Amino acid sequence: MKQTWYREGVVYQIYPRSYLDSNHDGVGDLQGIISKVPYLHELGIDILWLSPVYQSPNDDNGYDISDYRAIHPDFGTMDDMIELIQTLHDHHIKLIMDLVVNHTSDEHPWFVASAKNDPKYKDYYHWKTTKSNWTSFFGGEAWTYHPERQAYYLHLFSKKQPDLNWDNPEVRREVKDICRFWLDLGVDGFRCDVINIIAKHNDLPKGKPGIALVGKEHYFNIPKIHDYLSELRDDVFVNYDCFTVGETVMISPKTALTYIDEDVRELDMVFHFDHMGADNYFVKWFMKKFRPINLKRPLSKWQIMLGERGWNTLYLENHDQPRSVSRFGDIQYHYHLATMLATMIYFQRGTPFIYQGQEIGMTNASFPTLAEYQDIETHNIYKTGRRLGLSHRRMMKKIMKMSRDNARTPMQWNSQTHAGFTEATPWLKVNPNYVDINVENNLKDPNSIFHHFQHIIRLRKAYPIIVYGSYADIDFHHRRLYAYARILNNELIEVYCNFSNKPLKCPHLAFWSNDRCLISNYPLDHEEPYLRPYEARVYYEKK
Ligand code: TEU
């Protein structure tokens, strides 16, 4: 497979509201991020993905954009943005922006004009005089009546996020202009928000009745999406040294290849969500007990199915998902669990994505009262659940485990007030465990989670086999062991992870000697072929 910087690079995602507040208003900002570029450089990352910093009424924390070419004053100014790009590039770090173009804010001038039936903008969105039965990702109906236009408009997310009409060539022209604007400013690519649902069936017909996302068959991966994305690629992306990663919801590897196959390349890689279903029935609010096999099965499937045809993204967390250490194992083994999970995922084939705070093992905040949550999805789902007759207690249990705010609490820099994130009142409460779990402690301790992440990143740079080697499972049906091999020419890597809080007998280890071990999360002080709780080991051999 062709070698490219975005395959070899490690990406770090920043949720700007929660990174670092430099001007004491309780909200993270661009100057805060700029001051931490040396920290990112020390960690060793190559690419930064910035969640939205554009002008927005913040109904969905910036995923509702009202001006694609302006920075929200909460975050700073365009000059700050230019300074950030420059500072990152000076440290050899590239930048990708969040491209949110399935919808805009209802306060975007296009929508305001569209609602007035302005001839230029009237077809920028999806309008209907009668609503259908489609439901929204955030719970509730996907259509809202607009009195001015006397019609319903479609919104697959909140009612302040009307969906753009991609059938309109003017909408596509606007999106291309926005992409060029940012690429010309020096950004190196985009993370494309919910990109596999931007195309909608022409007539927006009635959806098949179901419990979640009624109407989805009329917009998930429908054929014309490929016309839109190939147009974007040919008219914009091929002219720049940039890359795109699509956020593609509910997608199989086979369908993913229709976007990312080497011969198609409408997108360079996609995020899938199959492994995010390891503790739920694919709608996160329908929770079930976590079983390692339910994480291993989808991860392995994607490794094998994409094979030499497509490129994987490797992630366990982002701003929409609960913290991985609170989800995928026994948190009593915090250090070993966090480092085992990182070893398990980042030695696979693909581009690693680290979400802010994951490198120090940040955990779910699990706030016990609804008022402590800010997220619109959390509040909407609470209302929907209560309307369906679920008790307050039951809903809070779900929210404490699955709310997106679990991953959005401020970054924990040190053990001072508000974790060093702000001197004001933070927009979302800090997780009280910041006293122990923070960057300062991690940097001091040579055996910290941070240093384990740093070590993995260095190894990925030193051993191309970790990036480009092929993948094969070892002992696939084992329920507590996740083991796999990577192979490139005459080189071999084997990864062994104990996904349990008990010692695990692992006869394979007998074939390896300690001096072949590249990285582990326990001292290598015993010869017995077993793995300790949440132990991870990686061996390397060149024939
Ligand atoms: O997320 C899309 C998406 O599928 C999520 O809404 C998901 O269903 C939910 O977060 C699971 O809890 C993207 C963004 O990442 C998210 O932050 C936005 O809210 C959403 O699009 C709308 O732009």
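As the structure is a computational prediction, the values presented were derived from the model and not from experiment.

About the cut-offs
Here the residue numbering is sequential within each chain, running from 1 through the sequence in written order. Given that this is a predicted model, residues contribute local features only at a pLDDT of at least 70 and side-chain atom pairs are listed and counted only at 80 or more, while totals for whole chains, interfaces and linings are drawn from all residues. Side-chain measures here rest on the full set of heavy atoms in the structure, leaving out hydrogens and waters. Residues are counted as near a molecule or strand when any one of their heavy atoms sits within 4 Å of it. Under the rule applied, a polar contact is a pair of N or O atoms within 3.5 Å (in protein, one hydrogen donor and one hydrogen acceptor; residues adjacent in sequence only if both atoms are side-chain atoms). For accessible areas, the Shrake-Rupley method is used with a probe of radius 1.4 Å. Any residue's cover is judged against the shown protein chains and nothing else. A fitted line through C-alpha atoms represents every axis, and for helices the fit uses only the stretch in contact; the resulting angles, taken between N-to-C directions, go from 0 to 180 degrees. Starting at the N terminus, helices and strands are each numbered in turn, a helix being any DSSP run of H or I of at least four residues and a strand any DSSP run of E of at least two. For this classification, under 35 degrees means roughly parallel, over 145 means roughly antiparallel, 65 to 115 means roughly perpendicular, and everything else is oblique. Left-handed describes a crossing in which the near helix is turned anticlockwise from the far one by less than a right angle; the clockwise case is right-handed. It only takes one pair of heavy atoms within 4.5 Å for two residues to be counted as in contact. For this classification, the nonpolar set comprises Ala, Val, Leu, Ile, Met, Phe, Trp, Tyr, Cys and Pro, the charged set comprises Asp, Glu, Lys and Arg, and every other residue, Gly included, is treated as polar. Between Lys or Arg on one side and Asp or Glu on the other, a salt bridge is scored when a side-chain nitrogen of the former is within 4 Å of a carboxyl oxygen of the latter. Partly exposed describes any residue whose relative accessible area lies between the buried limit of under 20% and the exposed limit of over 50%, with all areas from a 1.4 Å probe on protein chains only and scaled to the type maximum. Domain start and stop positions are those given by an automatic or database domain assignment. Take the accessible area each of two parts loses on contact, using a 1.4 Å probe, and add the two losses: that sum is the buried area. Here a strand pair is declared whenever DSSP counts at least two bridges between the two strands. Our working definition of a disulfide is a cysteine sulfur pair at a distance within 2.5 Å. Two distance rules govern patches: like charges are joined within 9 Å, and nonpolar side chains (Val, Leu, Ile, Met, Phe, Trp, Tyr) within 5 Å, applied only to residues with over 30% relative accessible area and no salt bridge. Just so you know, the count uses Lys and Arg for positive and Asp and Glu for negative, and it drops His and the chain ends. Lysine's charge is taken at NZ, arginine's at CZ, aspartate's at CG and glutamate's at CD. Any Phe, Tyr or Trp ring, taking Trp's six-membered ring, that has another such ring centre within 6.5 Å forms a pair; planes under 30 degrees apart are called stacked, those over 60 apart edge-to-face, and the others tilted. Charges are assigned to positions over rings by a cutoff of 6 Å between ring centre and Lys NZ or Arg CZ, combined with an angular limit of 35 degrees from the ring normal. Expected helix span is given by 1.5 Å per residue-to-residue step, counting one fewer step than there are residues. The directions from the helix axis to the C-beta atoms are what the arc is built from.

Engineer: I'm lost on the site of the ligand in this one. Help?
Structural biologist: Close to the ligand lie 18 residues, the nearest being Asp60, Asp193, Lys284, Asp320 and Glu377. One of the side-chain N or O atoms of Lys284 is found 2.5 Å from an oxygen atom in the ligand. His319 is positioned such that a nitrogen or oxygen atom in its side chain is 2.9 Å from an oxygen atom of the ligand. Here the ligand loses 93% of its free accessible area of 490 Å² to cover by the protein chains.

Engineer: What am I meant to see in the packing of helix α11 (residues 376–387) against helix α12 (residues 392–402) here?
Structural biologist: Any two packed helices are characterised by how steeply their axes cross, that is the angle between the axes, and by the distance between the axes. Where α11 contacts α12, the two axes come as close as 10 Å, and the packing angle between them is 150 degrees. Judged by the inter-axis angle, α11 sits roughly antiparallel to α12. Classified by chirality, the crossing of α12 by α11 is right-handed. Side by side, α11 and α12 meet where Thr378, Ile381, Tyr382, Gly385 and Arg386 of the first sit next to His392, Met395, Met396 and Ile399 of the second. Across the contact of α11 with α12, the residue classes break down as 5 nonpolar, 3 polar and 1 charged.

Engineer: Honestly, the pattern of salt bridges in this entry has me stumped. Any pointers?
Structural biologist: Oppositely charged side chains may form a pair once their charged atoms are brought near each other. A full pass over the atoms with the stated rule returns 41 salt bridges. The partner of Asp167 in a salt bridge is Lys224, with the nearest N and O atoms 3.1 Å apart. Separated by 57 residues along the polypeptide, Asp167 in the loop between β8 (151–154) and α6 (169–185) and Lys224 in the loop between β9 (189–192) and α7 (225–235) bring together distant segments of the chain. For Lys224, a relative accessible area of 16% corresponds to the buried category. What you see here is one network of salt bridges that share partners, running through Asp60, Lys284, Asp320, Asp375, Glu377, Arg404 and Arg408.

Engineer: What's the story with the domain arrangement of the chain in this structure? I'm lost.
Structural biologist: One frequently used descriptor of interface size is the decrease in accessible area upon assembly of the parts. Considered domain by domain, the chain is made up of domain 1 (5–104 + 169–458), domain 2 (110–154) and domain 3 (468–542). Counting residues at the interface gives 30 residues for domain 1, matched by 18 residues for domain 2. Carbon and sulfur atoms supply 65% of the area that domain 1 and domain 2 bury against each other, a total of about 1,900 Å² over both sides. Here Glu170 makes a salt bridge to Lys120, at a shortest N to O gap of 3.7 Å. Linking domain 1 with domain 2 are 7 residue pairs in polar contact (both at pLDDT 80 or more). Taken together, the elements giving at least two residues each to the side of domain 1 that touches domain 2 come down to α6 and α11.

Engineer: Sorry if this is basic, but what is going on with the packing of helix α10 (residues 334–346) against helix α14 (residues 449–462) here?
Structural biologist: Following both chains from N to C, one finds α10 and α14 inclined at 15 degrees, their axes separated by 10 Å at the closest point. Here α10 lies roughly parallel to α14, going by the angle between them. Remark: the crossing between α10 and α14 carries right-handed chirality. Contact residues: α10 offers His334, Tyr335, Ala338, Thr339, Ala342, Thr343 and Tyr346, while α14 offers Ile449, His452, Phe453, Ile456 and Arg460. Tallied by class, residues from the contact of α10 with α14 come to 7 nonpolar, 4 polar and 1 charged.

Engineer: For this particular structure, what's the right way to read the pairing of strand β1 (residues 11–14)?
Structural biologist: Remember that side chains alternate between the two faces of the sheet whenever the strand is regular. The side-chain alternation of β1 yields two buried faces, one formed by Val11 and Gln13 and the other by Tyr12 and Ile14. Relative to strand β2 (residues 47–50), β1 runs parallel, the two sharing 4 bridges. By the bridge assignment for β2, Val11 is matched with Ile47.

Engineer: Help me understand the state of the cysteines in this model?
Structural biologist: Defined simply, a disulfide is a covalent bond joining two cysteines at their sulfur atoms. Taken as a whole, this structure holds 0 disulfides when the rule is applied. As a non-bridged cysteine, Cys192 has Cys179 as the owner of its nearest cysteine sulfur, 7.2 Å distant. Of all cysteine sulfurs, the one in Cys506 lies closest to Cys497, which takes part in no disulfide; the gap is 10.0 Å.

Engineer: When you look at a positive patch on the surface in this model, what are you seeing that I'm missing?
Structural biologist: A cluster of basic residues, Lys289, Arg291, Arg297 and Arg479, forms a positive patch at the surface. Tracing the chain through its elements places Arg291 in the loop between β11 (269–271) and α9 (292–306).

Engineer: Would you mind showing me how to read unusual backbone geometry here?
Structural biologist: Glycine aside, residues mostly have negative phi angles, and peptide bonds mostly take the trans form. In this structure, Val194 is a non-glycine residue whose phi angle is positive, near 30 degrees. By the element assignment, Val194 lies in the loop between β9 and α7.

Engineer: Looking at this structure, how should I read the packing of aromatic side chains?
Structural biologist: Aromatic rings in a pair are described by how distant their centres are and how their planes are angled relative to each other. Summed over all chains, the structure comprises 42 aromatic pairs. Look at Trp166 and Tyr228: their rings are 6.0 Å apart centre to centre, the planes differ by 35 degrees, and that puts the pair in the tilted class. Within this pair, whereas Trp166 is found in the loop between β8 and α6, its partner Tyr228 is found in helix α7, the two being separated by 62 residues in sequence. No difference in accessibility class separates Trp166 from Tyr228, as the two residues are buried. One residue, Lys36, lies across the ring of Trp413, its end atom 4.2 Å from the ring centre. Note that Lys296 overlies the ring of Phe476, its terminal NZ or CZ placed 5.5 Å from the centroid.

Engineer: Help me understand the side chain of Glu491, please; the structure alone is not making it clear to me.
Structural biologist: Within the secondary structure layout, Glu491 lies in strand β16 (residues 491–498). Lacking a salt bridge, the buried Glu491 has Lys542 as its closest oppositely charged neighbour, with an N-O distance of 5.1 Å. At 2.5 Å, the side chain of Glu491 and the side chain of Tyr540 are in polar contact. When residues no more than four places from it in sequence are discounted, the contact partners of Glu491 are Ile465, Arg486, Tyr540, Glu541 and Lys542.

Engineer: Would you explain helix α4 (residues 78–90) in this entry?
Structural biologist: Every α-helical turn comprises 3.6 residues, leaving residues that sit three or four positions apart pointing alike. Taking 1.5 Å of rise per residue, 13 residues should cover 18 Å, and α4 covers 18 Å from first to last C-alpha, within 8% of that figure. Every buried residue of α4 is listed here: Asp80, Met81, Leu84, Ile85, Thr87 and Leu88. Angular distribution of buried residues about the axis of α4 spans 165 degrees; they occupy a single face of the element. Residues of α4 that are exposed and point over 90 degrees away from its buried face: Asp79 and Asp90. Those residues of α4 that are buried are in contact with α2 (30–35), α3 (37–43), β2, β4 (67–71), β5 (94–99) and α6. The N-cap residue of α4 is Thr77: its side-chain oxygen and the backbone nitrogen of Asp79 are 3.3 Å apart. One or two residues past the end of α4 sits His92, with phi positive at roughly 60 degrees.

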